[in-house]
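What the coordinates show
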Amino acid sequence: SASNIMELYILTQNYDTSFRAWLFNGQTGTMPSAPSSDDLNLSYSDLENYKSISDEIVFFPVTYKPLFGNTADPQYQATFKVIKNANSTVSDNEVKTKVIYWINQYFALGNFDFGDKFYFTELVSYIHKNMAGIINSVVIVPNDPALTFGGLFEIQSQPTEIFISTATVNDVYVVQGISSQNINASGAIS
C-alpha cells in the first residue's frame with residue numbers, strides 16, 4: 001500500500017473560464033461541470049514523475065458552490081433588500097447594479113479558499129464600505145420559505161467547493177424600510 005497519500009484539490013482554468021462565461025452571459029444553457037478525478041489524473045499525469053514509488057496522488061476536482069441566484073441550490077437562493085440613502089442621487093437601478101458588482105468583487109476567485117465559510121456580516125461590511133453615502137442598509141432574505149431571516153448569515157463550503165455568487169440585479173430590491181414581512185422574520189420583532 002502507499003506510504004504517503006497526497007491529495008490535490010484542483011480548480012482548472014477551463015472549468016473556471018467556462019463557468020464564469022456561463023454565469024456572466026445570462027446563465028443560459030447547462031451549468032458547466034468540473035472535470036472528473038479521472039480527467040484530472042490524465043491531465044496531470046506528469047506529476048507521477050515527481051513522487052516516490054510508494055506514494056499515491058489522488059486528484060479532487062474543485063467545483064463552484066453557487067450562492068443567491070436562481071441557479072443556486074434552493075436552500076442558498078436569496079434576495080438582497082437595500083435601503084437607499086435619502087440624500088443619494090443614484091437611481092434604484094444603479095444601486096442594484098452596484099450592489100451586484102460589489103458582491104461579485106467580494107466573491108472574486110482569490111478571496112476564498114476551498115472549504116471556507118461565508119459570513120454575511122463580512123459581505124455587508126464590504127458593500128457598505130464601497131457604497132458609503134449611497135445606501136444605508138443591506139439585508140439578505142432567504143427565498144426558501146422554510147428559512148427565516150438570518151438563515152443565510154453563515155454558509156460552509158465543502159473541501160472541494162469554492163463560493164461564487166450567481167445573484168443578478170433581479171435579486172436586489174430597493175426598499176423604503178425593513179419590516180418583519182419584507183425580511184421573512186420569525187418571532188417578535190421590536
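Structural notes, computed from the coordinates. (Residues numbered from 1 in each chain as written. Predicted model: local features only at pLDDT ≥ 70, side-chain atom pairs only at ≥ 80, totals over all residues. Heavy atoms only, no water.)

1. Brief notes about the overall build of the protein chain
We count it as follows: Every helix listed is a DSSP run of H or I at least four residues long, and every strand listed is a run of E at least two residues long, numbered separately from the N terminus. Here, two residues are considered to be in contact whenever any of their heavy atoms come within 4.5 Å of each other. Charge counting treats Lys and Arg as positive and Asp and Glu as negative, with His and both chain ends excluded. In this description, the location of a charge corresponds to atom NZ of lysine, CZ of arginine, CG of aspartate or CD of glutamate.
Helices and strands together make up the secondary structure of the protein chain, namely four helices and nine strands. Traced from its N-terminal end to its C-terminal end, the protein chain shows the element sequence β-α-α-β-β-β-α-β-α-β-β-β-β. For the protein chain, the spread of C-alpha atoms along the three principal axes comes to 65 × 35 × 30 Å. Across the protein chain, contacts joining residues at least 24 apart in sequence account for 76% of those joining residues at least 6 apart. Charged side chains in the protein chain number 9 positive and 18 negative. The centres of these two groups are separated by 14 Å.

2. Points about the nonpolar core
Our working rule: Only buried residues count toward a nonpolar core, which is a set of Ala, Val, Leu, Ile, Met, Phe, Trp, Tyr and Cys residues joined through side-chain atoms within 4.5 Å. Categorising residues by exposure relies on relative accessible area from a 1.4 Å probe, with only protein chains included: less than 20% of the type maximum marks a residue as buried, more than 50% marks it as exposed, and the intermediate range marks it as partly exposed.
Ranked by size, the top nonpolar core spans 39 residues in total, and within it Phe68, Phe80, Phe107, Phe118 and Leu123 carry the most contacts. Secondary structure elements with two or more residues in this core: helix H1 (13–24), strand S3 (63–67), strand S4 (78–84), helix H3 (92–106), helix H4 (120–130), strand S6 (135–142) and strand S8 (161–165). Among the elements that make up this core, the one with the highest residue count is H3 (six residues). Filtering out sequence-adjacent residues up to four positions away, phenylalanine 118 remains in contact with Phe68, Tyr106, Phe107, Phe112, Leu123, Leu152, Phe153, Glu154, Ile155 and Phe163.

3. Examining the pattern of salt bridges
Short version of the rule: Salt bridges, as used here, are contacts in which a Lys or Arg side-chain nitrogen is within 4 Å of a carboxyl oxygen on Asp or Glu.
On inspection of all chains with the given rule, the structure shows five salt bridges. Salt-bridge contacts for arginine 20 lead to aspartate 16; the nearest nitrogen and oxygen are separated by 2.7 Å. With a gap of four residues between them, arginine 20 and aspartate 16 both fall in helix H1, about one helical turn apart. Per residue, the accessibility class of arginine 20 equals that of aspartate 16, and both read buried. Between lysine 84 and aspartate 92 there is a salt bridge whose closest N-O contact spans 2.9 Å. When its relative accessible area of 36% is taken as the criterion, aspartate 92 is described as partly exposed.

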